[in-house]
Amino acid sequence: MLQAAVDAMRTGRPAALVWVVEVGGSPPRSPGSRMLVYADGTSLGTIGGGAIEHQVIRAAVETIRAGVPRRYEAHLTRDLGMCCGGEMAFFIEPLETREPLTLYGAGHVAHALAPMAVALGFDVTVVDERDELNTPERFQGCSRVATDPVVHAEALDAGYALIVTHDHALDQELVQALLPNDDLTWVGMIGSKVKVTRFLVRLRAAGMPDALLHRLCAPVGLDIGAETPAEIAVAIAAELVRVRRHADRVPSPLSSVEIPARHGVAKPTGWG
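Residues numbered from 1 in each chain as written. Predicted model: local features only at pLDDT ≥ 70, side-chain atom pairs only at ≥ 80, totals over all residues. Heavy atoms only, no water.

A. Just the pairing of strand E5 (residues 87-94), in detail. Relative to E5, strand E1 (residues 15-24) runs antiparallel, the two being bridged by eight bridges. Residue pairing in the sheet places glutamate 22 in a bridge with alanine 89 of E5. The pairing of strand E4 (residues 70-75) with E5 spans six bridges and is antiparallel. Bridge assignment links glutamate 73 to a residue of E5, and that residue is alanine 89. (Pairing = 2+ DSSP bridges. Helix = DSSP H or I, 4+ residues; strand = E, 2+ residues; numbered from the N terminus.)

Rendered as structure tokens:
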């Protein structure tokens, strides 16, 4: 089972380890028992079977989506109607996986974003036929592919895909190749609002349904007023984290936050 967990982390398959940490009464398993749960609800191993295992699998799937470890407790008779009785507590730990991120384009933004994405735990692949840009020195820790980007996109399996090429026509071809792929978690494209609007008009005229067009994240990146390649890379990296963590929250202005009164704390010099 532990090898399966290692394989999930290596391949980027979302999963969580469930450990029995406390028991009381006559539970079906003892502390230390474990089970591996995947994001689709399938599992490996057992922590007791029956209703308790069904509930824990549901909790594990929710934990995988949230990306935050949690403790789950249940009284087997009172809460679940299991005749064996007893109480059980579990620790559910989502595995840190290196999810695949494919960058189509090896220009300034990709160069700035790649090391951030690697540091954030993404398995980065850079696709660009320009050998003078797609080099080991510019993209350390990344896989590099020098092939036709559209051909590569049509065969892409899963993960995150970001379009940051130097050619608007190529960008549109990549969008058309990537959006129909249901296995992709996210598709982003760099560009101004004018460029994106024109793309949407063309794609809709070409017959692409709105349901697919809505999958495109463009202009990509959180709105932080970014201008330079490094700033744009920060905005895109933040967007990737937001999507991975399923966080729909937006920052609240300080004026909307209730600041607690300070009790017995000296006012630092320089405060108004």
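B. Local environment of the sheet that holds E1. Strand order in the open sheet made by the five strands is E3-E2-E1-E5-E4, with antiparallel pairing throughout. Strand pairing shows two members of the sheet lacking a second neighbour, strand E3 (43-45) and E4, which therefore form its edges. If you compare each strand with its neighbour and ignore which way they point, the axes differ by 25 degrees on average. The sheet contact formed by strand E2 (residues 34-38) and E3 spans three bridges and is antiparallel. The residue of E3 that forms the bridge with methionine 35 is glycine 45. The strands touched by helix H1 (residues 2-11) within the sheet are E1, E2 and E3, with E2 carrying the most contacts at an inclination of about 30 degrees. (Axes fitted to C-alpha atoms, helices over the stretch in contact; angles between N-to-C directions. Contact = heavy atoms within 4.5 Å.)

C. Layout of the nonpolar core. Counting residues in each nonpolar core, the largest one holds 26 residues, and the members touching the most others are Leu101, Leu103, Val124, Leu162 and Trp186. Ranked by residues supplied to this core, first place goes to helix H3 (residues 108-119) with six residues. Apart from the residues lying within four places of it in its own chain, the contact partners of valine 124 are Leu101, Leu103, Ala114, Ala117, Val118, Cys142 and Ser143. Residues Val150, Ile163, Met208 and Leu212 belong to the second largest nonpolar core, which totals 23 residues. (Core = buried A, V, L, I, M, F, W, Y, C linked by side-chain atoms within 4.5 Å. Buried < 20%, exposed > 50% of the residue type's maximum accessible area, 1.4 Å probe, protein only.)

D. Spatial organisation of the pairing of strand E7 (residues 123-127). Within E7, four of the five residues are buried, which leaves the element mostly enclosed by the surrounding structure. Strand direction decides the pairing type here: E7 and strand E8 (residues 143-145), joined by three bridges, are parallel. Bridge pairing in E8 links valine 126 to arginine 144.

E. Structural detail: the side chain of serine 33. For serine 33, the location among the structural elements is in the loop between E1 and E2. On the basis of relative accessible area, serine 33 is assigned to the buried category, the value being 7%. A polar contact of 2.8 Å, which involves the side chain of serine 33, links it to the backbone oxygen of serine 30. In this view, serine 33 contacts Val18, Trp19, Val20 and Ile47; residues no more than four positions away in its chain are not counted. (Polar contact = N/O pair within 3.5 Å; in protein donor to acceptor, adjacent residues only side chain to side chain.)

F. Looking closely at the pattern of salt bridges. Applying the stated criterion across every chain, the model contains eight salt bridges. Across the salt bridge formed by glutamate 62 and arginine 70, the nearest N and O atoms sit 3.6 Å from each other. Taking the relative accessible area as the measure of exposure, glutamate 62 reaches 43% and is therefore partly exposed. We classify arginine 70 as partly exposed; its relative accessible area is 30%. Residues arginine 204 and aspartate 210 are paired through a salt bridge, measuring 2.9 Å at the closest nitrogen-oxygen approach. Judged by relative accessible area, arginine 204 falls into the partly exposed class, the value being 45%. A residue is classified by how much of its surface remains accessible, and aspartate 210, at 35% relative accessible area, is partly exposed. Linked by salt bridges that have partners in common, Glu22, Arg71 and Glu73 make up one network. (Salt bridge = Lys/Arg side-chain N within 4 Å of Asp/Glu carboxyl O.)

G. Spotlight on the side chain of glutamine 172. As for its position among the elements, glutamine 172 is in helix H5 (residues 168-178). Among all residues touching glutamine 172, those that are not within four sequence positions of it are Phe199, Arg202 and Leu203.

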